[in-house]
Amino acid sequence: NATLADYQLKRQTQRKENFSFLYKRVLFVGLHMVTNSNEDETTVRLQENMDWVNRNVQQYWNHMDIIFIMGYGRLLATENAPFYNDMVDKMSNEWSSRTMVYARRASKSEFVTNVGGVSNFLELLVGNEWPIMDVRIRTKIGEAATVQYREVEVQKEDDEDVDDDDDEKV
């Protein structure tokens, strides 16, 4: 299990709610992807979010294979178009040797591939449902990185035989 000594958590100066850390060749980036009643504030927030992702990717480029963004807003929402278009462009061009996962809350869990027609851009929809989701990210130098998820099965209290060895990663 990871401890604080295993990674350095960073926060964006102008958006303290945004954070990042590198763990085992996965760059985790947390973004506050919400809209504001003031359209100008939304524009500024999106630009600062894009800047935060760009800065972290540049800093950790040689030490990461996967960019795992934890957002909130829908990528295809009209108000998020500048962010979405920037990420599609980056993943199609200068970041094409990496994999990006954009994780967000949704009504139902689902794994969307080829976001924006880009094979290495994925969207992980995390449903507001039970049981919870188990996400596994595998990276090995020289091999393609993989991202997998499954819903975790919860054992009922009255079940006597519990065998955790049968669980498979999807």
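Participant: I'd like to hear about helix α1 (residues 39–60), residue by residue, with values.
Facilitator: If you check α1, its first and last C-alpha atoms are 32 Å apart, about what 22 residues at 1.5 Å a residue would give, namely 32 Å. If you check which residues of α1 are buried, you get T42, R45, L46, E48, N49, M50, W52, V53, N54, N56, V57 and Y60. At its buried positions, α1 is contacted by β1 (10–11), β2 (19–23), β3 (26–30), β4 (66–70) and α2 (81–92).

Participant: An account of the pairing of strand β5 (residues 99–106) is requested, with residue identities and associated values reported.
Facilitator: With respect to burial, β5 is a largely interior element, 7 of its 8 residues being buried. Of the strand pairs in this sheet, β4 and β5 are connected by 5 bridges, and their pairing is parallel. Each bridged residue has a counterpart across the sheet, and for M70 the counterpart in β5 is A103. You can see the chain leave β4, run along α2 and come back into β5, and the turn it takes is right-handed. With 7 bridges connecting them, β5 and strand β7 (residues 121–127) associate as parallel partners. Bridge pairing in β7 places R104 opposite L125.

Rules and cut-offs
Residues numbered from 1 in each chain as written. Predicted model: local features only at pLDDT ≥ 70, side-chain atom pairs only at ≥ 80, totals over all residues. Heavy atoms only, no water. Helix = DSSP H or I, 4+ residues; strand = E, 2+ residues; numbered from the N terminus. Expected span 1.5 Å × (residues − 1). Buried < 20%, exposed > 50% of the residue type's maximum accessible area, 1.4 Å probe, protein only. Contact = heavy atoms within 4.5 Å. Pairing = 2+ DSSP bridges. Right-handed = clockwise from strand over helix to strand, strands pointing away.

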